[in-house]
Protein chains: 2
Amino acid sequence: MSVGDVSKRILLGRKLRSSQLGETLLPKRIALPVFASDALSSVAYAPDEVFIMLSLAGASAYVWSWKVALAVAVVMAAVIASYRQTVHAYPSGGGDYEVAKVNLGERAGATVASALLVDYVLTVAVSISAGAQYAASALPTLSGHEPIFACALVVLLMAMNLRGIRESGGFFAVPTYAFMVAIGTMVVWGAWQWWTGDLQAAESADITITPATGFEEPLTTIGLLFLLARAFSSGAAALTGVEAISNGVPAFRRPKSRNAATTLALLGGIAITMMITVILLAREVGVRLVDPDEFDRLSRGGQPLPADYDQHTVISQIAESVFHGFPPGFYFTVTVTGIILVLAANTAFNGFPVLGSILAQDGLAPRALGSRGDRLAYSNGIVFLAAMAIVLILAFDAEPTRLIQLYIVGVFVSFNLSQLGMIRHWTRGLLTEQDPGERRRMVRSRVINTVGLFFTAVVLVIVLITKFLAGAWITILAMGTFYVLMRAIRKHYEMVSDELAADEEDRVMPTRVHAIVLVSKLHKPTLRALAFAQATRPNTLEGVYVATDAGATSLLMKEWDERHLDVPLKVLHSPYRELVRPIVEYATEIRRANPRGVVAVYIPEYVVGRWWEQLLHNQTALRLKGRLLFTPGVMVTSVPYQLQSSQIARDRVRRDEFRVRPGDLRSGRVDPRSKKGRRR
Amino acid sequence: MSVGDVSKRILLGRKLRSSQLGETLLPKRIALPVFASDALSSVAYAPDEVFIMLSLAGASAYVWSWKVALAVAVVMAAVIASYRQTVHAYPSGGGDYEVAKVNLGERAGATVASALLVDYVLTVAVSISAGAQYAASALPTLSGHEPIFACALVVLLMAMNLRGIRESGGFFAVPTYAFMVAIGTMVVWGAWQWWTGDLQAAESADITITPATGFEEPLTTIGLLFLLARAFSSGAAALTGVEAISNGVPAFRRPKSRNAATTLALLGGIAITMMITVILLAREVGVRLVDPDEFDRLSRGGQPLPADYDQHTVISQIAESVFHGFPPGFYFTVTVTGIILVLAANTAFNGFPVLGSILAQDGLAPRALGSRGDRLAYSNGIVFLAAMAIVLILAFDAEPTRLIQLYIVGVFVSFNLSQLGMIRHWTRGLLTEQDPGERRRMVRSRVINTVGLFFTAVVLVIVLITKFLAGAWITILAMGTFYVLMRAIRKHYEMVSDELAADEEDRVMPTRVHAIVLVSKLHKPTLRALAFAQATRPNTLEGVYVATDAGATSLLMKEWDERHLDVPLKVLHSPYRELVRPIVEYATEIRRANPRGVVAVYIPEYVVGRWWEQLLHNQTALRLKGRLLFTPGVMVTSVPYQLQSSQIARDRVRRDEFRVRPGDLRSGRVDPRSKKGRRR
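Residues numbered from 1 in each chain as written. Chains lettered and ligands numbered in written order. Predicted model: local features only at pLDDT ≥ 70, side-chain atom pairs only at ≥ 80, totals over all residues. Heavy atoms only, no water.

> Quick question: what am I supposed to make of helix H13 (residues 327-361) of chain A here?
Note on helix geometry: an α-helix contains 3.6 residues per turn, so any two residues three or four positions apart are oriented the same way. Residue and element names in this part refer to chain A. Taking 1.5 Å of rise per residue, the 35 residues of H13 would be expected to cover 51 Å, and the 52 Å separating its terminal C-alpha atoms lies within 8% of that figure. Most of H13 sits inside the fold, with 25 of its 35 residues counted as buried. Count one or two residues on from H13 and you reach Gly-363, which has phi positive near 75 degrees. (Helix = DSSP H or I, 4+ residues; strand = E, 2+ residues; numbered from the N terminus. Expected span 1.5 Å × (residues − 1). Buried < 20%, exposed > 50% of the residue type's maximum accessible area, 1.4 Å probe, protein only.)

Here it is, written out as structure tokens:
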């Protein structure tokens with residue numbers, strides 16, 4: 001097979017893979033669950049936060065709950081409309097980061113990237129903590145052990161993603177649709193019961209909530225506004241995750257942008273409906289919730305509640321009321337809610353490496369993150385994500401209420417910069433665009449993004465005011481750290497790039513090649529290295545042996561002569577049994593003697609397969625290579641000799657290459673339905 | 001400078017170093033403290049163990065103490081006499097391991113090596129635990145926190161040895177002689193006080209010891225014998241460390257063997273005198289000691305002692321009595337005793353790597369341990385030693401009494417095999433030796449070693465019987481593990497060596513060299529790699545670029561053309577942004593097209609200096625090299641380009657090379673008095 005054939009084969013291989021890419025693209029009915037689990041799962045905790053905040057002024061403040069819900073819905077609608085513009089304008093899947101970078105510059109891009117990194121960690125922490133609450137409401141024995149259970153879940157997710165679990169449409173579709181069905185059934189049936197007057201009161205309906213200090217009746221206007229602002233900003237947690245589709249446009253079927261925009265609208269409609277109906281129904285069944293740290297404000301019939309009172313989530317309480325007398329309904333609802341929360345956490349494990357690889361391409365993260373197949377880089381990212389999430393879960397006792405305080409800032413920072421970027425994008429487009437129809441569309445899009453910016457800016461201000469001391473400062477600190485780190489990495493890469501930039505005189509041919517082959521014994525690897533070195537026809541070629549033992553040295557010299565190798569053997573004496581230093585010094589001396597020549601050091605290496613074998617072999621070669629790299633004018637050639645056991649490692653590497661990596665699905669890399677993408 | 005000059009320079013360098021070697025050799029007055037600290041320090045705990053064992057039958061059994069001491073002294077004298085034969089017969093410093101290996105075969109050698117490895121760990125654990133006891137008797141606040149304090153000491157020793165502390169004669173001489181002076185003064189002054197009747201009773205003299213269950217009066221003959229056997233085998237702990245000189249013969253001044261033998265005799269005399277006089281004096285002042293776990297057997301004036309009774313060591317108690325009214329005397333004695341114990345532990349840190357390097361040369365340990373300068377191997381050994389010692393200290397609560405049960409087995413296993421080996425050595429020598437004077441000496445030596453074997457065999461049997469269940473089984477288990485491990489390593493090396501053995505057809509010259517230079521950008525490192533590759537005049541030379549991005553690819557191709565590199569550029573397409581696989585596949589295809597040729601892959605690498613820079617660079621090169629090594633017929637050449645920051649790493653490596661390594665002093669590597677050995 002000629003080299004031409006070889007390259008054709010490689011190109012053909014490429015074409016084959018490109019055509020397979022089509023098969024992996026997602027139809028809307030599969031894309032919706034893949035990208036919606038994060039956004040929809042917030043219905044499982046956002047309503048709770050609204051009620052908890054309102055309860056500061058006692059249960060009477062719950063009259064405001066549906067108005068707060070409406071405000072959140074309006075903002076969500078505006079944000080969804082904005083992102084529909086984004087998926088049209090940036091179909092490459094870069095999402096908020098790309099929008100901010102392209103339109104507002106690198107600093108804005110790095111800011112959004114920091115916010116997104118922090119968000120991934122918090123998505124895991126919040127979703128898993130909320131999931132643990134649901135698990136505890138279904139399995140009372142778990143109650144009180146939520147932090148440990150949540151950490152175990154994170155570790156399980158981490159292990160699954162390290163192992164390389166295949167994300168597939170079905171993996172998401174079944175639980176996500178089941179969640180929609182469960183909430184839908186619950187709401188419809190509940191509405192029917194309410195209509196017929198059969199709606200049972202919630203388990204907590206007879207609880208009295210004493211207002212917190214400073215929120216006693218009658219509230220001042222400022223007090224009320226502040227209360228509503230806090231409830232609203234907590235409810236804004238419902239918006240987290242809606243941006244996911246803008247990162248996944250490449251995974252959609254054609255026409256990509258249109259399908260993505262439609263899916264976004266669908267997602268928005270479902271999320272808003274769910275949130276509002278759940279909040280309305282919660283009010284009707286009389287759910288009572290307070291901050292888990294303030295159970296002392298609760299009483300039932302004048303008696304304070306016991307210290308170990310187990311407060312259930314809004315959806316659990318509604319499900320218990322609605323499905324009263326039909327336990328399977330309750331268990332189904334709570335189970336699928338728990339599952340969708342875990343699924344939402346899993347999306348963070350998949351999104352994180354994708355973001356990492358985009359950042360690596362832009363030089364904001366270590367470059368190794370940018371190439372697929374660097375298992376180590378992937379693994380480090382996954383472990384980092386899991387570790388940070390566990391720290392947060394333990395620090396905040398797996399209480400979603402406390403974690404939410406950290407969560408929303410990051411989301412809204414990226415919302416804001418992204419909207420601002422989009423406005424800039426349209427303004428710039430209008431400068432050059434002539435077609436009146438196109439101009440009209442652009443102006444309309446700009447209006448939508450401006451409205452979006454207005455709302456998200458208001459929310460960001462409210463969130464900063466109401467949540468800064470409650471935990472948002474931690475997020476801002478973490479974002480700042482990531483930002484500084486990314487800028488430093490970027491700067492370092494630029495500095496190196498400047499130092500490496502080629503100029504005109506940079507291509508001086510070495511005048512001569514002095515090759516030395518390191519000899520430890522006269523075995524197959526050494527003979528192969530000698531043959532390979534000879535094949536390159538250097539100007540000088542010699543074997544080099546470091547003598548630490550007189551007997552072994554004379555034995556080797558005898559054997560060398562007997563074999564008639566017609567290569568001279570140089571013996572370096574090393575009284576202290578050092579191996580590396582004499583060679584490095586010898587190479588340096590040769591180079592010094594002939595500064596325009598190059599020294600080629602050939603190291604025979606034998607390749608073994610098992611990790612413990614690697615500890616027993618080649619340690620000196622490894623150290624020597626490391627040292628020689630620092631010696632100017634030297635190049636180091638490894639001549640491998642594959643031992644039989646190396647087959648083990650070869651097989652392992654091959655298995656590893658075909659293993660699924662987190663983020664594969666959303667970059668369209670693996671066919672979610674067949675194994676074709678993996679076959680060769 | 002020509003190559004001839006270079007080699008002369010290297011040879012001169014060697015001569016210089018050889019002549020320096022003389023300066024580092026130790027005179028007897030320095031060698032004694034260097035090698036004696038381990039043996040002498042056992043005077044700080046062996047007498048205690050004798051009293052503790054005897055106290056099983058109550059304080060009345062203390063009448064046997066000096067007879068037990070005498071028995072130990074006899075065995076010690078026999079062992080010292082035996083080792084004087086060893087240092088004459090094996091002046092190379094291999095010690096027990098070499099004697100057993102040469103005379104009894106590899107299995108015996110591996111057994112002795114296992115025993116020595118275990119002994120090093122126990123030397124650290126026992127010495128440091130005893131040292132912590134002394135510290136507690138001087139500083140009462142430490143009392144009860146001995147395990148933590150002992151662990152801290154081990155960590156400190158570990159850190160010092162990792163850092164590379166210089167062992168020097170002075171380092172040992174001052175505290176060792178101070179210890180001799182302290183014990184000597186104490187004994188002489190105590191004897192004077194006893195003579196004049198002024199000797200004060202020990203703090204514990206008025207304590208009554210209830211005999212332990214099974215040891216109540218009157219003792220049966222068997223019971224008494226068993227009691228004495230236990231006391232004797234515990235007292236045999238005094239023998240640990242006497243073998244050290246046989247490992248250090250190369251460090252002595254000439255005539256090495258004779259000086260070593262004289263030093264051994266001196267050491268034996270001092271150790272025996274110290275032990276016997278301390279035991280006699282302890283009886284006179286009325287020291288009362290029991291196992292720290294059995295304080296409930298103690299009472300004073302009919303009242304049981306409080307639970308937090310603080311039992312002081314024999315030397316502390318004697319010092320307190322003798323130096324009554326002169327606290328500096330007490331504090332000096334206790335302090336130097338503590339210091340010499342820490343010094344004894346430190347010798348284990350120095351002996352361990354020396355043994356490791358001998359084992360590595362014989363293929364019983366990873367080969368990397370054999371070459372000096374492998375800092376990683378040294379560090380791993382030191383950390384391993386410290387970790388095992390800490391585990392033992394914590395498991396046995398830093399109580400020397402309990403650790404001693406584990407200690408003595410290993411020591412006596414190697415004593416026995418070494419004596420047996422020596423007998424075999426003389427017997428073999430007598431087969432060929434003709435000179436009557438020489439024969440007479442040999443026969444005499446064989447008698448001495450036979451007597452030594454007799455005594456050490458008796459002790460080993462006693463130790464096994466009396467201590468097996470008390471902890472010796474742990475030692476035997478650990479020895480077994482080391483033994484199996486060493487045999488497995490040995491077997492593996494042999495297997496590999498067989499697979500690698502060269503036969504006649506092994507030197508087929510490749511017919512052609514197909515060189516490919518990996519290109520990521522057209523910067524200085526790439527240009528250098530191209531130039532170096534061109535200098536080797538391969539049959540085919542091409543640049544290879546993995547295209548993951550269309551824009552970057554066309555930019556590179558344009559730049560490539562502009563530079564008129566007259567090397568063709570091959571573009572490999574990689575739709576999934578993989579970098580490693582396309583290159584490996586391409587190399588494989590080339591090789592398949594020409595199975596008798598060789599593929600030379602040139603990888604431009606830039607060398608940076610800081611650890612975090614290394615995380616940011618060359619990760620792909622590293623992974624690629626790892627993968628290509630498994631591909632037959634491929635050789636991998638790294639062409640380094642040194643960035644400015646690489647100077648940092650170069651300096652670090654250089655500093656590291658000149659750093660002192662544990663074990664340097666006893667292999668005669670570093671001048672203990674001047675810095676000459678470090679200068680170049």
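> Would you take a moment to explain the sheet that holds strand S8 (residues 634-642) of chain B for this structure?
An order of S6(A)-S5(A)-S4(A)-S7(A)-S8(A)-S8(B)-S7(B)-S4(B)-S5(B)-S6(B) is seen for the ten strands of this open sheet, with the pairing classed as mixed. Sheet topology places strand S6 (569-573) of chain A together with strand S6 (569-573) of chain B at the edges, where each strand pairs with a single neighbour. Here the strands of the sheet are splayed against their neighbours by 30 degrees on average, with no regard to which way each runs. Pairing of strand S5 (residues 540-547) of chain A with S6(A), which is carried by five bridges, proceeds in the parallel orientation. By the bridge assignment, Val546(A) is partnered in S6(A) with Leu572(A). (Pairing = 2+ DSSP bridges. Axes fitted to C-alpha atoms, helices over the stretch in contact; angles between N-to-C directions.)

> Can you help me understand the packing of aromatic side chains in this one?
Geometrically, a pair of aromatic rings is defined through the distance of the ring centres and the angle of the planes. Residue and element names in this part refer to chain A. Summed over all chains, the structure comprises 26 aromatic pairs over all chains. Pairing Phe-330 with Tyr-331 gives two aromatic rings, centres 5.1 Å apart and planes at 75 degrees, and the pair type is edge-to-face. Residue Phe-330 is classed as buried on the basis of its relative accessible area of 9%. Each member of the aromatic cluster is reached from another via a ring pair, and the members are Tyr-120, Phe-352, Phe-384 and Phe-482. (Phe/Tyr/Trp six-rings, centres within 6.5 Å; stacked < 30°, edge-to-face > 60°.)

> Teacher, can you tell me more about the domain arrangement of chain A here?
The accessible area lost on association of the parts is a frequent measure of interface size. Partitioning chain A into structural domains gives domain 1 (23-303 + 327-422 + 453-494) and domain 2 (512-643). Of note, the centres of domain 1 of chain A and domain 2 of chain A, computed from C-alpha atoms alone, are 59 Å apart. (Domains from an automatic or database assignment.)

> What is the right way to read unusual backbone geometry from this model?
Trans peptide bonds make up the majority, and among non-glycine residues the majority have a negative phi. Backbone torsion omega between Arg254(A) and Pro255(A) reads -10 degrees, so that peptide bond is classified as cis. Structurally, Pro255(A) is set in the loop between helix H10 (244-247) and helix H11 (256-285). The phi torsion at Asp566(A) lies on the positive side, around 40 degrees, for a residue other than glycine. Secondary-structure assignment places Asp566(A) in the loop between helix H18 (550-562) and S6. Despite not being glycine, His564(B) shows a phi value in the positive range, around 50 degrees. Overall, the relative accessible area of 67% leaves His564(B) in the exposed class.

> Please explain a nonpolar patch on the surface as it appears in this structure.
A cluster of nonpolar residues, Leu464(A), Phe468(A), Leu469(A), Trp473(A), Ile476(A) and Leu477(A), forms a patch on the protein surface that exposes about 600 Å² of accessible area. Along the chain, Ile476(A) falls in helix H16 (residues 436-500). (Patch = residues over 30% accessible without salt bridge, like charges linked within 9 Å, V, L, I, M, F, W, Y side chains within 5 Å. Areas by Shrake-Rupley, 256 points an atom, 1.4 Å probe, with all protein chains shown as cover. Salt bridge = Lys/Arg side-chain N within 4 Å of Asp/Glu carboxyl O.)

> Just to check I follow, could you spell out the packing of helix H9 (residues 221-235) of chain B against helix H16 (residues 436-500) of chain B for this structure?
Angle between the axes and distance between the axes: these two values describe a pair of packed helices. Residue and element names in this part refer to chain B. The geometry of H9 relative to H16 is characterised by a closest axis approach of 9 Å and an angle of 110 degrees between their N-to-C directions. In terms of their interaxial angle, H9 and H16 are classed as roughly perpendicular. Helix-helix and strand crossings are classified by hand; for H9 and H16 the assignment is left-handed. Along its contact with H9, which presents Phe-226, Ala-229, Arg-230, Phe-232, Ser-233 and Ser-234, the element H16 presents Val-459, Ile-462, Val-463, Ile-465, Thr-466 and Lys-467. Across the contact of H9 with H16, the residue classes tally to seven nonpolar, three polar and two charged. (Parallel < 35°, antiparallel > 145°, perpendicular 65-115°, else oblique. Left-handed = near helix turned anticlockwise from the far one by under 90°. Contact = heavy atoms within 4.5 Å. Nonpolar A, V, L, I, M, F, W, Y, C, P; charged D, E, K, R; others polar.)

> Please explain the pattern of salt bridges as it appears in this structure.
Oppositely charged side chains may form a pair once their charged atoms are brought near each other. Residue and element names in this part refer to chain A. Counting across every chain of the model gives 18 salt bridges over all chains. The partner of Glu-399 in a salt bridge is Arg-402, and the shortest N-O contact between them spans 3.9 Å. Residue classification places Arg-402 among the partly exposed residues on the basis of a relative accessible area of 27%. With a shortest N-O distance of 2.9 Å, Glu-494 and Arg-490 are connected by a salt bridge.

> Please explain the pairing of strand S7 (residues 598-607) of chain A as it appears in this structure.
All names here are of chain A. Burial analysis of S7 places ten of its ten residues in the buried class, which makes it a mostly covered element. Of the two faces of S7, the one lined by Val-598, Ala-600, Tyr-602, Pro-604 and Tyr-606 and the one lined by Val-599, Val-601, Ile-603, Glu-605 and Val-607 are each fully buried. As paired elements, strand S4 (residues 513-519) and S7 share five bridges and run parallel to each other. Considered in S7, the bridge of Val-517 is made with Tyr-602.

> How do you make sense of the environment of Ala138(B) when you look at a structure like this?
Residue and element names in this part refer to chain B. Structurally, Ala-138 is set in helix H6 (residues 106-138). Separated by 88 residues in sequence, Ala-138 and Phe-226 have C-alpha atoms that sit 35 Å apart. Setting aside its immediate chain neighbours within four residues, Ala-138 contacts Tyr-331 and Val-334.

> Which parts of the structure should I look at to understand the side chain of Ser646(B)?
Tracing the sequence through the fold places Ser646(B) in helix H22 (residues 646-657). There is a polar contact of 2.7 Å between the side chain of Ser646(B) and the backbone oxygen of Leu643(B). Leaving out residues up to four positions away in the same chain, Ser646(B) has contacts with Phe630(A), Val607(B), Val608(B) and Gly609(B). (Polar contact = N/O pair within 3.5 Å; in protein donor to acceptor, adjacent residues only side chain to side chain.)

> How do you make sense of the sheet that holds strand S2 (residues 298-300) of chain B when you look at a structure like this?
Note: strands within a sheet are paired through backbone hydrogen bonds, in either parallel or antiparallel orientation. Residue and element names in this part refer to chain B. The strand order S1-S2-S3 describes an open sheet built from three strands, whose pairing is antiparallel. This sheet does not close on itself; its edge strands, each paired only once, are strand S1 (207-209) and strand S3 (303-304). The sheet contact formed by S2 and S3 spans two bridges and is antiparallel. Among the inter-strand pairings, Ser-299 is bridged to a residue of S3, identified as Pro-304.

> Just to check I follow, could you spell out the packing of helix H15 (residues 400-432) of chain B against H16(B) for this structure?
Residue and element names in this part refer to chain B. It is at 6 Å that the axes of H15 and H16 come closest, and there the two elements cross at 155 degrees. With respect to each other, H15 and H16 are oriented roughly antiparallel. Crossing angle aside, the handedness with which H15 passes H16 is left-handed. Looking at the contact of H15 with H16 residue by residue, the classes come out as 24 nonpolar, 13 polar and three charged.

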